Amino acid sequence: MYLPDFEYYQPNSLAEACRLMAKFGPRARILAGGTDLLHKMKHGQLEPEVIVSLNGLERLREITYQKGVGVVIGARATHNDIAGSALLQEKYRSVCEAAHHMANNQIRNVGTLGGNIVNAVPSADLPPILIALGASVKLAGSQGRRVLPLEEFFTGVHSSVIEPDEILTEVIIPDQPSTGSTYIRFGLRRSGALAVVGAAVAVTMEGETCREARIALGAAAPVPMRARQAEAVLKNQVITPDLLEEAGVCAARECSPRSSIRGSEEYRRDLVRVLTRRALQKAIKEGHV
Amino acid sequence: MREQPSNTGETGGTDRVRLSCVVNGEKVSALVEPHLTLLSFLRQELKLLGVKEGCGEGECGACTVIMNGNAVNSCLTLALEAEGARILTVEGLSNGGGLSALQEEFVKHDALQCGFCTPGMLMSARALLDRNPDPGTEEIKEAVAGNLCRCTGYYPILEAITAAAKREREGEQR
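Thresholds applied
- Residues numbered from 1 in each chain as written.
- Chains lettered and ligands numbered in written order.
- Predicted model: local features only at pLDDT ≥ 70, side-chain atom pairs only at ≥ 80, totals over all residues.
- Heavy atoms only, no water.
- Helix = DSSP H or I, 4+ residues; strand = E, 2+ residues; numbered from the N terminus.
- Rg over C-alpha atoms; globule rule 2.2 N^0.38 Å.
- Areas by Shrake-Rupley, 256 points an atom, 1.4 Å probe, with all protein chains shown as cover.
- Lys, Arg positive; Asp, Glu negative; His and termini not counted.
- Charge placed at Lys NZ, Arg CZ, Asp CG, Glu CD.
- Core = buried A, V, L, I, M, F, W, Y, C linked by side-chain atoms within 4.5 Å.
- Buried < 20%, exposed > 50% of the residue type's maximum accessible area, 1.4 Å probe, protein only.
- Domains from an automatic or database assignment.
- Pairing = 2+ DSSP bridges.
- Axes fitted to C-alpha atoms, helices over the stretch in contact; angles between N-to-C directions.
- Contact = heavy atoms within 4.5 Å.
- Buried area = accessible area lost by both parts, 1.4 Å probe.
- Salt bridge = Lys/Arg side-chain N within 4 Å of Asp/Glu carboxyl O.
- Polar contact = N/O pair within 3.5 Å; in protein donor to acceptor, adjacent residues only side chain to side chain.
- Parallel < 35°, antiparallel > 145°, perpendicular 65-115°, else oblique.
- Left-handed = near helix turned anticlockwise from the far one by under 90°.
- Nonpolar A, V, L, I, M, F, W, Y, C, P; charged D, E, K, R; others polar.

1. Some details on the overall build of chain B
In terms of helices and strands, chain B carries 5 helices and 5 strands. What you see in chain B, going N to C, is helices and strands ordered as β-β-α-β-β-β-α-α-α-α. Taking 16 Å as the expected radius of gyration for a compact globule of 174 residues, we find that chain B reaches 17 Å, a close match to that expectation. Taken along the three principal axes of its C-alpha coordinates, chain B extends 55 × 30 × 30 Å. When the accessible surface of chain B is split by element, carbon and sulfur atoms take 49% of a total near 7,900 Å². Measuring between centres, the 17 positive side-chain charges of chain B sit 4 Å from its 24 negative side-chain charges.

Printed below as a string of structure tokens:
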């Protein structure tokens, strides 16, 4: 399988990368891991005239803790970088686990966090857990930088607020009061299968009382979505098995999945109910797992 | 030291670009077209025909090589992304012409039939054993989950990797 021709640039600074993107606009595409981009190009779904590789920007791969900011993950961090990060293992193992269970090892070695977000695929595994943890994204463009909640990034299937000259540079997980978080996905195989549905939660518990819950669903709507009605069911309530089931039922009602080869709408709704309940149970009991 | 490719700024283009990397321990330098995948570069330019193309889209793992210590699908990697990298293919596994312990165990356990998936399978296994000399069955399964075999079945492969790991731990040369 061959790739079509394109011009190739490998800038050695972010400013230069932004300048190239501003110059070429929609004719250009960013290359990070390439697992989505090259795949689409081989199938003729994308035909960029110009490719701007981020391979020269090693700093975009760092995962650090910045005091007063939170955990900052460079957009070029690979899924295996995230899965194996000691910092993330300690603070949000839920994010490591989400990265660890996607695709297969070869893909996890090159596929990046930035690509997983920017491609705006409804079944992407990292956005739900990051949204549950209240993460923001930083976009660098030729006109400057902006930071916005990841939740506000997506506008539809394969579409987002990112401008043609902008590059996603980092994801920030802010310091937070949450006591537990987790992401549970259901795929048709354990490896190399897209999520049929994914449910991520972050909970703030005080004894048996849930002060706050954030629930984010993948492959349950055109974009990763918060299940706000389900969250409201839990707010300031003493947790019981019935209440968790009620939250699951609520999430199933408020989501809007589509039928596809991987599962019908009805099937996905029921998965949302079950996975939401299980994720809540797990995060309440086991912390950030 | 990583060499700077020639098109960091204004001068990029569809023209061929100098690629320098280390393949199976030998320095390689060639002019390549930007659209060439690492798979095509290894097979067509270097004639390393042990690297197989199966699906060409990152599902089957037949094209797996080790790049800077990590198993990657060479079909989804641009050759130019390998600038400055160390690449290991199945041709680089043997010691002075003989088979490595890992390869010998594949033979011993009948872990191949048609052999098409074998080079990729070996490279995923090699990358695993390099970072974890004593993997459990689950870890082995996970390491080769991106390598599809359509004839042997996976159990002989798991057994071969387990046996090779043991031999290597007992001090045998790779």
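Now that the structure has been shown, we can carry on.
2. Some details on the nonpolar core
All names here are of chain A. The biggest cluster of nonpolar side chains holds 38 residues, and the ones touching the most others in it are Ile73, Ile82, Leu88, Ile117, Leu130 and Ile173. Of all the secondary-structure elements, those providing two or more residues to this core are strand 5 (70-74), helix 3 (79-84), helix 5 (93-100), helix 7 (113-118), helix 8 (126-132), strand 6 (136-141), strand 10 (167-173) and strand 12 (195-206). With 5 residues, helix 8 is the largest single contributor of residues to this core. Mapping this core onto the domain boundaries places at least three of its residues in each of domain 2 (58-173) and domain 3 (180-287).

3. Description of the sheet that holds strand 3 (residues 64-67) of chain B
Residue and element names in this part refer to chain B. Strands sit in the order 2-1-5-3-4 across an open sheet of 5 strands; the sheet is mixed. Strands with a single pairing partner mark the edges of an open sheet, and in this sheet they are strand 2 (26-32) and strand 4 (70-73). Across this sheet, the average inter-strand angle for adjacent strands is 40°, counted without regard to direction. As paired elements, strand 1 (residues 17-23) and strand 2 share 7 bridges and run antiparallel to each other. When the bridges of strand 2 are listed, Leu19 appears paired with Ala30. Here helix 3 (residues 118-131) sits on the sheet and contacts strand 3, strand 4 and strand 5 (86-88); the angle it forms with strand 3, its principal contact strand, is near 30°.

4. Quick word on the interface of chain A and chain B
In this complex, chain A contributes 38 residues to the contact, which on the side of chain B involves 43 residues. For the chain A and chain B pair, buried surface summed over both sides reaches about 3,200 Å², with 44% attributable to carbon and sulfur atoms. It is Tyr8(A), Gln10(A) and Gln106(A) in chain A that bury the most area against chain B; as a group they hold 21% of the surface buried on that side. Taken together, the links from chain A to chain B amount to 1 salt bridge. Of the charged contacts in the structure, one is a salt bridge between Glu138(B) and Arg190(A), with a shortest N-O distance of 3.1 Å. Taken together, chain A and chain B are joined by 16 residue pairs in polar contact (both at pLDDT 80 or more). At the level of elements, strand 1 (7-9), helix 1 (14-24), helix 2 (37-42) and helix 6 (105-110) of chain A are the ones that each hand at least two residues to the side of chain A that touches chain B. Per-element accounting of the side of chain A that touches chain B gives the leading share, 6 residues, to helix 6 of chain A.

5. Overview of the sheet that holds strand 10 of chain A
All names here are of chain A. On the basis of which strands lie adjacent, the open sheet formed by 5 strands has the order 4-5-10-6-7 and antiparallel pairing. The strands lining the two open edges of the sheet, one partner per strand, are strand 4 (63-66) and strand 7 (144-149). Put simply, the sheet's adjacent strands are angled 25° from each other on average, direction ignored. Across 5 bridges, strand 6 lies against strand 10 in antiparallel orientation. Of the residues in strand 10, the one forming a bridge with Ser136 is Ile172. This element, helix 1, spans strand 6, strand 7 and strand 10 of the sheet and lies at about 130° to strand 10.

6. Considerations on the domain arrangement of chain B
A common way to express how large an interface is: the accessible area buried when the components associate. Residue and element names in this part refer to chain B. Split by domain assignment, chain B resolves into domain 1 (2-92) and domain 2 (94-169). Facing 18 residues of domain 1, the contacting portion of domain 2 comprises 13 residues. Summed over both partners, the interface of domain 1 with domain 2 buries about 1,200 Å², with 64% contributed by carbon and sulfur atoms. Broken down residue by residue, the surface that domain 1 buries against domain 2 is led by Thr64, Ile66 and Val90, which jointly contribute 36%. The interface formed by domain 1 and domain 2 includes 0 salt bridges.

7. Remarks on the packing of helix 2 (residues 101-108) of chain B against helix 3 of chain B
Residue and element names in this part refer to chain B. Running from amino to carboxyl end, helix 2 crosses helix 3 at an angle of 130°, the nearest separation of the two axes being 10 Å. Our classification of the angle between helix 2 and helix 3 gives oblique. Note on packing geometry: the crossing formed by helix 2 with helix 3 is right-handed. Contacts between helix 2 and helix 3 involve Leu102, Gln103 and Phe106 from the first element and Thr118, Met121, Leu122, Ala125, Arg126 and Leu129 from the second. Its residues assigned to classes, the contact of helix 2 with helix 3 shows 6 nonpolar, 2 polar and 1 charged.

8. Some words on the environment of Glu246(A)
You can see Glu246(A) is positioned in helix 10 (residues 241-254). Residues Glu246(A) and Ala230(A), spaced 16 residues apart in sequence, show a C-alpha to C-alpha distance of 7.7 Å.

9. Some remarks on the pairing of strand 6 of chain A
Within a regular strand, the side chains alternate between the two sheet faces. Residues and elements named next belong to chain A. Most of strand 6 is tucked away, with 5 of its 6 residues classed as buried. For strand 6 and strand 7, the ladder comprises 6 bridges, and the chain directions are antiparallel. The residue of strand 7 that forms the bridge with Leu139 is Arg146. The hairpin turn running from strand 6 into strand 7, its antiparallel successor, is 2 residues long.

10. Here's the deal with the pairing of strand 1 of chain B
All names here are of chain B. Taken across its 7 residues, strand 1 has 5 buried, putting it largely inside the fold. Bridge count between strand 1 and strand 5: 2 bridges; the pairing is parallel. Directly across from Val22, in strand 5, lies its bridge partner Arg86.

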